[in-house]
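# Structural features, examined
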Amino acid sequence: MDETSLESKTFADIFEKSIKQFINNRESFLPLVIKNFSDGNREYNNYIEQLFHVMRKFEETFFEKSDKSLLKIFEDYTNEFSKLYLMHVDASRKNFEKYLETRLLIMSSWNEHMKKFTDNSQNKL
């Protein structure tokens, strides 16, 4: 960079350019994360479908008839386990939601204080 191009720049201009590049570069990851989550979820669902297909074939081949009382016990156990798991997922989602809200509130608060500071600074200059 030659000296003539630096004549109209300030330290803030140079620093701002770098910071904006960092932010824009970081934002470029968001579509990748969303696509990966979506693709991964689809593959996981396909895996689960195949797993239960194999389980059904296994049951048809090796079990003539399932004991109804055993099926009821298994269903009750599975339902209780599912309730606990879903409660955990719900609590995790709520915690993550609160984390994101708090993070946004902190950034908004910083922005408000910075705006007040810059407004104050401009009035004094």
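Since this is a predicted model, take the numbers as computed values, not measurements.

### Some points on the overall build of the protein
Summing up its helical and strand segments, the protein has 4 helices and 0 strands in all. Seen in sequence order, the protein has helices and strands lined up from the N terminus as α-α-α-α. A compact globule built from 125 residues would reach a C-alpha radius of gyration of about 14 Å, whereas the protein, at 28 Å, exceeds it by more than 25%. The C-alpha extent of the protein, read off along each of the three principal axes, is 90 × 35 × 10 Å. When the accessible surface of the protein is split by element, carbon and sulfur atoms take 63% of a total near 12,600 Å². Averaging the positions of the 19 positive and the 21 negative side-chain charges in the protein gives two centres separated by 3 Å.

### Details of the pattern of salt bridges
For the coordinates displayed, the defined rule picks out 11 salt bridges. Across the pair Glu43 and Arg42 runs a salt bridge whose closest N-O atoms are separated by 3.9 Å. Taking relative accessible area as the criterion, Glu43 reaches 46% and is therefore assigned partly exposed. What makes Arg42 partly exposed here is its relative accessible area of 44%. Of the charged contacts in the structure, one is a salt bridge between Glu101 and Lys98, with a shortest N-O distance of 3.6 Å. With Glu101 and Lys98 both in helix H4 (residues 68-124) and 3 residues apart, the pair spans about one turn of that helix.

### Focus: the packing of aromatic side chains
Taken as a whole and assessed by the stated rule, the structure comprises 4 aromatic pairs. Ring geometry for Tyr77 versus Phe81: centroids 6.5 Å apart, planes at 20°, classification stacked. Remark: Phe81 and Tyr77 occur in helix H4; sequence separation between them is 4 residues, near one turn of the helix. Tyr77 gets classed as exposed once you look at its relative accessible area, which sits at 56%. Pairing Phe96 with Tyr99 gives two aromatic rings, centres 6.1 Å apart and planes at 25°, and the pair type is stacked. Linking Phe96 with Tyr99, this pair stays in helix H4, spanning 3 residues, or about one helical turn. Three or more aromatic residues joined by ring pairs form one cluster here, namely Phe58, Phe62 and Phe63.

### So, the confidence of the model for the protein
When the pLDDT values of the protein are averaged, the result is 90; 94% of them are 70 or greater. Across the protein, the element-wise mean pLDDT spans from 64 in helix H1 (residues 3-6) up to 94 in H4.

### Re the packing of helix H2 (residues 11-27) against helix H3 (residues 29-62)
Think of two packed helices as two axes; the pair is described by the angle between the axes and how far apart they sit. As a packed pair, H2 and H3 sit with axes 4 Å apart at the nearest point and diverge in direction by 15°. One way to sum up the angle between H2 and H3 is to call them roughly parallel. Only Phe29, Leu30 and Pro31 of H3 make contact with H2, whose side of the interface consists of Asn25, Arg26 and Glu27. Looking at side-chain class alone, the contact of H2 with H3 contains 3 nonpolar, 1 polar and 2 charged residues.

Cut-off values and rules
- Every residue gets a number counted from 1 within its own chain, in the order that chain's sequence is written.
- Local features in a predicted model are, by the rule used here, given only for residues with pLDDT of at least 70; side-chain atom pairs are given and counted only at 80 or more, and totals for whole chains, interfaces and linings are based on all residues.
- Think of the side-chain values as coming from all heavy atoms in the structure, minus any hydrogens and water.
- What counts as a helix is a DSSP run of H or I of at least four residues, what counts as a strand is a run of E of at least two, and both are numbered from the N terminus.
- In this description the radius of gyration comes from C-alpha coordinates, and the expected globular size is given by 2.2 Å times residues to the power 0.38.
- A 1.4 Å probe and the Shrake-Rupley method give the accessible areas. Residues count as covered only by the protein chains that appear here.
- Positive: Lys, Arg. Negative: Asp, Glu. His and the chain ends are not part of the count.
- Charge placement uses NZ in Lys and CZ in Arg. For Asp and Glu, CG and CD serve respectively.
- Throughout this description, the term salt bridge denotes a Lys or Arg side-chain nitrogen within 4 Å of a carboxyl oxygen of Asp or Glu.
- Relative accessibility under 20% of the residue-type maximum defines a buried residue, over 50% an exposed one, and the middle range a partly exposed one, all with a 1.4 Å probe and only protein chains included.
- A pair of aromatic rings is counted whenever rings of Phe, Tyr or Trp (Trp by its six-membered ring) have centres within 6.5 Å, and the orientation is called stacked for planes under 30 degrees apart, edge-to-face for over 60 and tilted otherwise.
- Known as pLDDT, the predictor's per-residue confidence is scaled from 0 to 100.
- Between the N-to-C directions of two axes lies an angle of 0 to 180 degrees, each axis being a line fitted to C-alpha atoms and, for a helix, fitted only over the stretch in contact.
- Roughly parallel means an angle under 35 degrees; roughly antiparallel means over 145; roughly perpendicular covers 65 to 115; every other angle is labelled oblique.
- The contact criterion used throughout is that any non-hydrogen atoms of two residues lie within 4.5 Å.
- Note that Gly is not counted as nonpolar here; it falls among the polar residues with everything else outside the nonpolar set of Ala, Val, Leu, Ile, Met, Phe, Trp, Tyr, Cys and Pro and the charged set of Asp, Glu, Lys and Arg.

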